[in-house]
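Remarks on the overall topology
Below, each chain spelled out in residue letters.
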Amino acid sequence: MKNLVKPFVDYGPILVFFIFFFKTGEIQGAIIPLMIASVLAMILSYISERKIPPMLLFSSILILIFGFLTIYFDNPIFIKFKVTLVNLIFASILLIGLYFKKPLIKNLMSSSLNLNEPAWHKLTFRWAIYFIFLAICNEFVYRNFSDTVWVNFKLFGIMGLSILFILSQVMFIQKNIQE
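Report follows, based on the coordinates. Everything numeric here is computed off the predicted structure, so don't read it as measured data.

**Comments concerning the pattern of salt bridges**
Within the structure shown, the criterion is met by four salt bridges. A salt bridge links Lys80 to Asp147, with the nearest nitrogen and oxygen atoms 2.4 Å apart. Of this pair, Lys80 sits in helix 4 (residues 77-99) while Asp147 sits in helix 7 (residues 147-168), and the two are 67 residues apart along the sequence.

**Quick look at a nonpolar patch on the surface**
Where nonpolar side chains cluster on the molecular surface, the patch consists of Ile32, Ile36, Val39, Leu40, Ile43, Ile47 and Ile71 and spans about 590 Å² of accessible area. With respect to the helices and strands, the residue Leu40 is situated in helix 2 (residues 28-49). For Leu40, a relative accessible area of 46% gives the class partly exposed.

**Considering the packing of aromatic side chains**
The geometry of an aromatic ring pair comes down to the distance between the two centres and the angle between the two planes. The tally for this structure, following the rule as stated, stands at 17 aromatic pairs. Seen from their ring centres, Tyr130 and Phe133 are 6.5 Å apart, and the 35 degrees between their planes marks the pair as tilted. Placement of the pair is Tyr130 and Phe133 together in helix 6 (residues 117-144), with a separation of three residues, close to one helical turn. On the basis of relative accessibility, which here comes to 5%, the residue Tyr130 falls in the buried class.

**Digging into unusual backbone geometry**
Positive phi values are uncommon outside glycine, yet Asp74 reaches one of about 50 degrees. Take Asp74: it is sitting in the loop between helix 3 (54-73) and helix 4. Judged by its relative accessible area of 56%, Asp74 falls in the exposed class. Phi angles above zero are rare outside glycine, and Lys101 is one such case at about 65 degrees. Positionally, Lys101 belongs in the loop between helix 4 and helix 5 (104-109).

**Some details on helix 3**
Every α-helix carries 3.6 residues per turn, so stepping three or four residues along brings you back to the same face. Taking 1.5 Å of rise per residue, the 20 residues of helix 3 would be expected to cover 28 Å, and the 28 Å separating its terminal C-alpha atoms lies within 8% of that figure. Buried within helix 3 we find Leu56, Ser60, Leu62, Ile63, Phe66, Gly67 and Thr70. Buried residues along helix 3 cover an arc of 165 degrees about the axis, so they all sit on one side. Turned more than 90 degrees off the buried face of helix 3, the exposed positions are Pro54 and Tyr72. Where helix 3 ends, the next residue or the one after it, Asp74, has phi of about 50 degrees, a positive value.

**Considering the layout of surface pockets**
Estimates place the volume of the largest pocket at around 1900 Å³. Per-element tally for the lining of the largest pocket: the top contributor is helix 1 (residues 2-24), with 10 residues. Among the residues making up the lining of the largest pocket, the classes are represented as 32 nonpolar, eight polar and seven charged.

Procedures and definitions
Residues numbered from 1 in each chain as written. Predicted model: local features only at pLDDT ≥ 70, side-chain atom pairs only at ≥ 80, totals over all residues. Heavy atoms only, no water. Salt bridge = Lys/Arg side-chain N within 4 Å of Asp/Glu carboxyl O. Helix = DSSP H or I, 4+ residues; strand = E, 2+ residues; numbered from the N terminus. Patch = residues over 30% accessible without salt bridge, like charges linked within 9 Å, V, L, I, M, F, W, Y side chains within 5 Å. Areas by Shrake-Rupley, 256 points an atom, 1.4 Å probe, with all protein chains shown as cover. Buried < 20%, exposed > 50% of the residue type's maximum accessible area, 1.4 Å probe, protein only. Phe/Tyr/Trp six-rings, centres within 6.5 Å; stacked < 30°, edge-to-face > 60°. Expected span 1.5 Å × (residues − 1). Arc of directions from axis to C-beta. 1 Å grid on protein atoms, 1.4 Å probe; cavity = no way out; pocket = protein on both sides within 12 Å on 5 of 7 lines; lining within 4 Å. Points joined across faces, edges and corners; volume = space filled by probe spheres on them. Nonpolar A, V, L, I, M, F, W, Y, C, P; charged D, E, K, R; others polar.

Functional significance is not addressed by these values, which are geometric in nature.
Structure, rendered in structure tokens:
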């Protein structure tokens, strides 16, 4: 059951957003379905796992806050800015961790990667810079292009950039793996 529910929890809200955006042609027309899908994802997660993962909770809370602001002010800038804010929060958390000599990427990936300590610090810094880059890209796209371009950037552009970034780190990771 858990494996059947996970795709709905992970991808359901974003899929609902894109379906309603392309059906209505407006970001505002997709916000309420997105908010409902986010709440349903948390409920499904709780029913199947007896917990709500921190990232799902964090994301859903931001969707509800920025979704409400988008509807209340009838202005899609709020939901668009959420992407920038999330990336800046991730970058800040990683940079604060580095300041305190705690490469937080290590906490997420150490079960599948065994890197030397300096490599964990460099990889964490690279991820922080990448999140700042995504925030800048999001700001540029939503301020200079149509809603349709922004929605496509949010789905395909960020995914494509993420795949390219991850692939660009493979050689660095291979060079720093400890046996």
